[in-house]
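# Remarks on the overall topology
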Amino acid sequence: PLTGFWQRRELTGVELIVFDPRRFYAVRTAVEISVAIRDLFPHAIQIKSPSGLDRDWGTDTFRRSFTAGASAETILAQWRPRTAEFETLRRRYLLY
């Protein structure tokens, strides 16, 4: 990585460099990559701490859907109603 805690250390994996943060959807990207890895390499992902994963995602719906074999679109679709509610509420508090 070029910056951060792991700066100048060699790591295995993938580094994403975002050029336009307004057009980058981090959650969608994380879900898409996770599902692709699960589908291509089923034994590569082991969930050692379900409660930790649920905490990181803020819900158990990702883990449950992911382990049930749901598509990325299905996983994301189940969050849309609550996301729309949040966006509506959020608009009242934006200053700009």
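## Some points on the pattern of salt bridges
Here the structure, examined in full by the defined rule, presents ten salt bridges. For Asp54, the salt bridge goes to Arg63, with nearest N and O atoms at 2.7 Å. The exposure classification of Asp54 matches that of Arg63, with both residues buried. One salt bridge connects Arg90 with Glu87, and the closest N-O pair in it is separated by 3.6 Å. Placement of both Arg90 and Glu87 in helix H5 (residues 80-91) is noted, with a separation of three residues, approximately one turn of the helix. A relative accessible area of 36% means that Arg90 is categorised as partly exposed. By relative accessible area, Glu87 is classed as partly exposed at 30%. Look at the salt bridges and you will find they share partners, linking Arg28, Glu32, Glu73 and Arg80 into a network.

## As for the packing of aromatic side chains
What describes a pair of aromatic rings is the distance from one ring centre to the other and the angle between the planes of the rings. Across all of its chains, the model carries four aromatic pairs by this definition. Relative to Trp6, the ring of Phe5 lies with its centre 4.9 Å away and its plane at 90°, an arrangement referred to as edge-to-face. On the accessibility criterion, Trp6 (42% relative accessible area) is partly exposed. When the centroid spacing of 4.2 Å and the interplanar angle of 15° are considered together, the rings of Trp57 and Phe62 count as stacked. Taken together, the ring pairs in this structure connect Trp57, Phe62, Phe66 and Trp79 into an aromatic cluster. Over the ring of Phe5 we find Arg9, and its NZ or CZ is 5.6 Å from the ring centre. Positioned over the ring face of Phe66 is Arg38, at 5.1 Å from the centre of the ring.

Conventions we followed
- Residues numbered from 1 in each chain as written.
- Predicted model: local features only at pLDDT ≥ 70, side-chain atom pairs only at ≥ 80, totals over all residues.
- Heavy atoms only, no water.
- Salt bridge = Lys/Arg side-chain N within 4 Å of Asp/Glu carboxyl O.
- Buried < 20%, exposed > 50% of the residue type's maximum accessible area, 1.4 Å probe, protein only.
- Helix = DSSP H or I, 4+ residues; strand = E, 2+ residues; numbered from the N terminus.
- Phe/Tyr/Trp six-rings, centres within 6.5 Å; stacked < 30°, edge-to-face > 60°.
- Lys NZ or Arg CZ within 6 Å of the ring centre and 35° of its normal.

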